[in-house]
Structure formats: C-alpha cells, structure tokens
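# Observations on chain architecture
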Amino acid sequence: MNAVDCVAMIATRGANPYLRVLGVDPAAAGPTGYGIVESDGRHCKMLHYGAFRVAPKRQKEFSGAALQDVHALLCRLIEEFSPTVMAVESVFTALNMRTALRLAEVRGVVLLAAAQHGVTVHSYSPREVKASVAGYGHADKRQMQLMVRALLSMAETPEPADAADALAVALCHLQAEQAQVRFRLPDPKVLIRSRSFRGGPRSARSHETPASVAGI
C-alpha cells in the first residue's frame, strides 16, 4: 500500500467512494491515541490525530473517571467526523494480567462508544499493524512514526508515538479492506457491525474537513 494507491474500491462503494477510518490505540496507563484517515479510493489523507491523557487529579476523583473521559472523547470524535468504520488495536497477549485487564477496560468503553453510534469496529494486533504499515512485525516506535508520515504525506512526523500508532491502525484497516475487496475474502476482524442508532442515523457530513489538528 502507498499514499497514491491506498485502497482500490471505488466500484464497490458506488457514488460515495470515501472510506473514513477512526484508528484507536487504547492505553492502560499512558495516552490513548486516536487518528482519522480518509481514502477516496486512490489517495489517503490524515484528517485529525492526537493522544488523550487523563490528568492524575481527574483519575483520583473516582475509579471510573478515566474510562468516562475516554468514552466521551470517542463519542465526540465520532459525532464530529462521522467515521465509516473504527479500527482498534487489540490487547497485547504478552502483557501481565493487571495491565491486560486495565487495557481491556479502556477497549470496552471504546467499543461501547462505537456501538452507541452504530459504527462497525475491526480489531488488529500490534504485530499485524506493524507488518502492514512498516513491513516488519517488530518495527519500533520511531520506524512506525516515519512510515506513517511517509504513507500519509505528512509535513511533520506525528507526535506523540501513541497518535502515530492510532494512524497506523487506521492504515492497517485500509490495507486489509483493500485485500478483502480485491480477493473477496471473508472479514474475520469485525467486532461490532454497523446498525442504525436509536436516535436516528448519523447525519452525513462533508468530507472537506480541515486536514491536520493535533488535539481535540
């Protein structure tokens, strides 16, 4: 995959070829990275990215404060950018039990936000994301940042690394969708399928969103 021919599926998406992916890199303790990438079937561009860290003072207010704030963040992003799909990094199996459980809690509220807004969710392992974007399943943080910058033709290297990881998850999904459409493969990565939100379908938004913002 490259920035010129990111995903070839105009024919399958009819009159609206745009695919907008919200990539999320949940974190057990550090910042939760997020990034939104859009493809028109030929080009990929970054619309928005950042990393959200819950302040220590906020975390001490009550046990679920951090989860509440991450959920609110994801809801705002979905409502503002109307992503077609969400791509989330899965829990790393080598984590210790305590960290894995905390990370699973954060993923839970991310999935909840997606379900509440009728957004389909796909999950990818860290190794899958690295192999897809950098061509090497053990690529380090710096390599991933540089590859994300190159693939999205960004003027600056995305910072922090958590935000770059979220953009990488979005790019990974675009490449997976390209392969699925091209070879008519089944999709084993779906966690939540799209459905109409009880309050009505999400309103259509223009795809002419300003290109780069580092925070929300």
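Structure: see above.
A few points on the structure. Values in this document were obtained by computation on a predicted structure and should not be read as measured data.

Attention now moves to the nonpolar core. Core analysis: the largest hydrophobic core is formed by 25 residues, its most contacted members being V37, V148, L152, L167 and L171. Elements with a minimum of two residues in this core: β1 (19–25), β3 (44–52), β4 (85–89), α4 (126–134), α5 (141–151) and α6 (161–183). Tallying contributions element by element places α6 first for this core, with eight residues. Setting aside chain neighbours within four positions, we find V37 in contact with L19, R20, V21, C44, K45, L152, L167, A170, L171 and L174. Among the nonpolar cores identified, the runner-up in size contains 22 residues, and I36, L74, C75 and M86 belong to it.

With that out of the way, let us pick up the pairing of β1. Among the seven residues of β1, seven are classified as buried, and the element is accordingly described as predominantly covered. Of the two faces of β1, the one lined by L19, V21, G23 and D25 and the one lined by R20, L22 and V24 are each fully buried. Judged from the seven bridges that link them, β1 and strand β2 (residues 32–39) form a sheet pairing that is antiparallel. Across the sheet, D25 pairs through a bridge with G33, a residue of β2. The turn joining β1 and β2, which pair antiparallel and follow one another in sequence, is formed by six residues. Alignment of β1 against β4, held across four bridges, turns out to be parallel. If you follow V24 over to β4, its bridge partner there is V88.

Right, let's talk about the environment of E105 for a bit. Within the secondary structure, E105 is located in helix α3 (residues 97–116). Put simply, E105 and G64 are 41 residues apart on the chain and 9.8 Å apart in space, counted from C-alpha to C-alpha.

So, about the layout of surface pockets. Considering only enclosed or pocket space, the largest pocket measures out at about 530 Å³ in volume. In terms of lining, the largest pocket is formed by 25 residues, of which the most central are D25, E89, F92, P126 and K141. Broken down by secondary-structure element, the contributors of at least two residues to the lining of the largest pocket are α3, α4, α5 and α6. No other element matches the four residues that α4 contributes to the lining of the largest pocket. One number sums up the size of the second largest pocket: a volume of about 330 Å³.

Here we take up the packing of helix α2 (residues 65–81) against α3. With their axes 9 Å apart at the nearest point, α2 and α3 run at an angle of 35 degrees to one another. The crossing of α2 and α3 is right-handed. On α3, the residues that touch L67, V70, H71, L74, C75 and I78 of α2 are E105, V106, V109, V110, L112, A113, A114 and Q116. Residues that form the contact of α2 with α3 fall into these classes: eleven nonpolar, two polar and one charged.

Thresholds applied
Residues numbered from 1 in each chain as written. Predicted model: local features only at pLDDT ≥ 70, side-chain atom pairs only at ≥ 80, totals over all residues. Heavy atoms only, no water. Core = buried A, V, L, I, M, F, W, Y, C linked by side-chain atoms within 4.5 Å. Buried < 20%, exposed > 50% of the residue type's maximum accessible area, 1.4 Å probe, protein only. Helix = DSSP H or I, 4+ residues; strand = E, 2+ residues; numbered from the N terminus. Contact = heavy atoms within 4.5 Å. Pairing = 2+ DSSP bridges. 1 Å grid on protein atoms, 1.4 Å probe; cavity = no way out; pocket = protein on both sides within 12 Å on 5 of 7 lines; lining within 4 Å. Points joined across faces, edges and corners; volume = space filled by probe spheres on them. Axes fitted to C-alpha atoms, helices over the stretch in contact; angles between N-to-C directions. Left-handed = near helix turned anticlockwise from the far one by under 90°. Nonpolar A, V, L, I, M, F, W, Y, C, P; charged D, E, K, R; others polar.

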